[in-house]
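This is what each chain is made of:
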Amino acid sequence: MKTGLLVISKHNLADIQDFLKSANDSGVERLYVRLSIPRTDDQISKIYLLSANLCPKVDVRILAKPQNPLETDVQLFGSEKPLESSGKIEKKYKKVVLGGTFDRLHNGHKVLLNKAIELASEEIVVGVTDKEMIIKKSLYEMIEPVEYRMRKVVEFVEDVSGEAKCTTEPIIDPYGPSIRIPDLEAIIVSRETVKGGDAVNKRRLENGMSQLEVIVVELVEGSDVILNETKISSSSRRREDLGRLLKPVQNPRTPYLVNLNGGSGSGKEEIGEMLKDKAGIQVLNWDEMCEEEKSQVLKLEASRISKEKVVVLLSSDPLDFTSEIWSIFLPSLEAIKRIIEKNPEISEDVAKERLQAEIRNKERIEKCHVAFCALWSEKETKEQVERAVEELMKRI
């Protein structure tokens, strides 16, 4: 991993934007930031916000530990030379707790975790939401597996802290370890989850435990017009991943076969029509062809298939034999609504039964290389398709 180090002092603080732009242009994957100025919440939030805007693909990490990164080939940014070690941060508590989804770990998460790192000398306990706690989130089907999210949190905290250990666990209720561990001293919350901190203290009081000091951290600003978000959020990151490659392609073939699958009401046919207009792509309805020709369909269609660079096979279920699987999904309530709009003679109960008989969205997404969601405008869906086709043509 190509790593950089930026030392910020009172002498170069005004140039921080230029340094972050330089890091973005340099190709570094991770940039450690060492503060040689007073460490304040405003400064931490400002650095992470600027990083999100100026070098969004760089994993920026503000160091709390006195030691510099161990890598010998660290690229230096800015005019300040790194000290051998910096002053140690005085910790107010031994153990603190916080919770969250921590999907696609972003700079907003890092601000919360940074506050915990600054406060705890021994242990940072993190509850990572799962199951019932995530299903109401936008595009929840694309949320990373909980084990992966927990591992990323631990790696970040222990890399930046260098002192307190980090323990994580999945939580399926709003409380998790916060009402079970008696010697916790503080809970870290964002402005929008202050009530959650108060609810934790109420339950701790009922359980005969000490009250936690509620530490409020302001959210890092961001903007997503489609999702109506005004903060940096995992939901926006998930939406940005629509139409992009989610995992490596393991099974390239010639001709290059792409499976476009989706359930009832998902918008599969509409996206199929968009793909028909793309040069070098042929779209075939696999389900209809199988009804006519069964397993011999590809042999019978070989002459037509070989004429194009890419062949897209439309199907209801994912097809494992293709080079890539592209899946389209919609929240079930929206899918039911669209099924009924398209087939007015079908009742809501029949539409629900149809969906229940199909593969679940979460399973569909887990199998796919590229995901689409046609929940918003046609323009937004077309942008997803354009991204997918552009990146596909570069891959092949």
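Identification of the protein as Cytidyltransferase-like domain-containing protein from Caenorhabditis briggsae is taken from an unreviewed UniProt entry.

Chemist: Help me understand the overall build of the protein in this model?
Modeler: Tallying secondary structure elements over the protein gives 14 helices and 16 strands in all. In terms of overall dimensions, the protein has C-alpha extents of about 75 × 55 × 30 Å along its principal axes. In the protein, which comprises 396 residues, the share counted as buried stands at 50%. Considering only contacts within the protein whose residues lie at least 6 apart along the sequence, 79% involve residues at least 24 apart. Separation between the mean location of the 61 positive side-chain charges and that of the 68 negative ones in the protein comes to 2 Å.

Chemist: Can you help me understand the sheet that holds strand β13 (residues 281-285) in this one?
Modeler: Strand pairing in a sheet relies on backbone hydrogen bonds. The paired strands run either parallel or antiparallel. Taken in spatial order, the 5 strands make up an open sheet running β13-β14-β12-β15-β16, and their pairing is parallel. Looking along the sheet, the strands with just one partner apiece sit at the ends: β13 and β16 (370-373). Between one strand and the next, the sheet's axes are offset by a mean angle of 20°, whatever the strand orientation. Sheet analysis places strand β12 (residues 256-262) next to strand β14 (residues 310-315), joined by 6 bridges and oriented parallel. In the strand pairing of β14, N261 is matched with S315. Here helix α7 (residues 268-276) sits on the sheet in contact with β12, β13, β14, β15 (324-329) and β16, set at roughly 150° to β12. The strands touched by helix α14 (residues 378-395) within the sheet are β12, β13, β14, β15 and β16, with β16 carrying the most contacts at an inclination of about 165°.

Chemist: Just checking my understanding: could you explain the environment of A374 for this structure?
Modeler: Looking at the secondary structure, you find A374 in the loop between β16 and α14. We classify A374 as buried; its relative accessible area is 9%. Taking the C-alpha atoms as reference, A374 lies 9.9 Å from E334; in sequence the two are 40 residues apart.

Chemist: Quick question: what am I supposed to make of the packing of α7 against α14 here?
Modeler: Packed helix pairs are characterised by how far apart their axes lie and by the angle those axes make with each other. Relative orientation of the contacting elements α7 and α14 amounts to 55°, with a least axis distance of 11 Å. Taken together, the axes of α7 and α14 lie oblique to each other. Like other packed secondary-structure pairs, α7 and α14 cross with a definite hand, here right-handed. Taken together, the residues of α14 that come into contact with α7 (itself represented by I271, M274 and L275) are E378, T381, K382, V385 and V389. Its residues assigned to classes, the contact of α7 with α14 comprises 5 nonpolar, 1 polar and 2 charged.

Chemist: What should I look at first to understand the layout of surface pockets in this one?
Modeler: One water molecule sets the probe size; rolling that probe over the atoms shows where empty space is left. Approximately 940 Å³ is the volume found for the second largest pocket. Lining the second largest pocket are 41 residues, and of these G99, G100, T101, K137 and T193 lie nearest its centre. Elements supplying a minimum of two residues to the lining of the second largest pocket: β5 (93-100), α3 (107-119), β6 (120-129), β8 (186-190), α5 (194-206), β11 (229-231) and α6 (234-240). Looking at side-chain class alone, the lining of the second largest pocket contains 18 nonpolar, 17 polar and 6 charged residues.

Chemist: Would you mind showing me how to read the pattern of salt bridges here?
Modeler: Two side chains carrying opposite charge are able to pair once their charged atoms lie near each other. Using the criterion set out here, one finds 32 salt bridges in the structure. Two residues, E155 and R30, come together in a salt bridge whose shortest N-O distance is 3.7 Å. With E155 in helix α4 (residues 146-161) and R30 in strand β2 (residues 30-35), the pair connects residues that are 125 residues apart, well separated along the chain. R30 gets classed as buried once you look at its relative accessible area, which sits at 11%. Note that K278 is salt-bridged to E386, the shortest N-O span being 2.3 Å. With K278 in the loop between α7 and β13 and E386 in helix α14, the pair connects residues that are 108 residues apart, well separated along the chain. Classification of K278 by relative accessible area gives buried; the value is 19%. Residue E386 is classed as partly exposed on the basis of its relative accessible area, which comes to 41%.

Chemist: Which parts of the structure should I look at to understand empty space enclosed by the protein?
Modeler: For the coordinates displayed, the defined rule picks out 1 cavity of 30 Å³ or more. In this structure, the largest cavity encloses a volume near 50 Å³. Taken together, D41, I44, S45, V111, N114, K115, E118 and V217 form the lining of the largest cavity. Here the element with the most residues in the lining of the largest cavity is α3; it accounts for 4 residues. Its residues assigned to classes, the lining of the largest cavity comprises 3 nonpolar, 2 polar and 3 charged.

Chemist: Explain α5 here, please?
Modeler: Residues that lie three or four places apart on an α-helix share one face, since the helix turns once every 3.6 residues. With 13 residues, α5 should reach 18 Å at 1.5 Å per residue; the first-to-last C-alpha distance of 19 Å fits that figure. Three or more residues of α5 are buried, namely G197, V200, N201 and R204. For α5, the arc enclosing every buried residue in end-on projection is 95°, short of the 170-degree limit, so these residues lie on one face. Exposed and facing more than 90 degrees away from the buried side of α5 are K195, K202 and E206. For α5, the secondary structure elements touched by its buried residues are β8 and β9 (213-217). One or two steps after α5, the chain reaches G208, where phi turns positive at roughly 75°.

The rules behind the values
- Residues numbered from 1 in each chain as written.
- Predicted model: local features only at pLDDT ≥ 70, side-chain atom pairs only at ≥ 80, totals over all residues.
- Heavy atoms only, no water.
- Helix = DSSP H or I, 4+ residues; strand = E, 2+ residues; numbered from the N terminus.
- Buried < 20%, exposed > 50% of the residue type's maximum accessible area, 1.4 Å probe, protein only.
- Contact = heavy atoms within 4.5 Å.
- Lys, Arg positive; Asp, Glu negative; His and termini not counted.
- Charge placed at Lys NZ, Arg CZ, Asp CG, Glu CD.
- Pairing = 2+ DSSP bridges.
- Axes fitted to C-alpha atoms, helices over the stretch in contact; angles between N-to-C directions.
- Parallel < 35°, antiparallel > 145°, perpendicular 65-115°, else oblique.
- Left-handed = near helix turned anticlockwise from the far one by under 90°.
- Nonpolar A, V, L, I, M, F, W, Y, C, P; charged D, E, K, R; others polar.
- 1 Å grid on protein atoms, 1.4 Å probe; cavity = no way out; pocket = protein on both sides within 12 Å on 5 of 7 lines; lining within 4 Å.
- Points joined across faces, edges and corners; volume = space filled by probe spheres on them.
- Salt bridge = Lys/Arg side-chain N within 4 Å of Asp/Glu carboxyl O.
- Expected span 1.5 Å × (residues − 1).
- Arc of directions from axis to C-beta.

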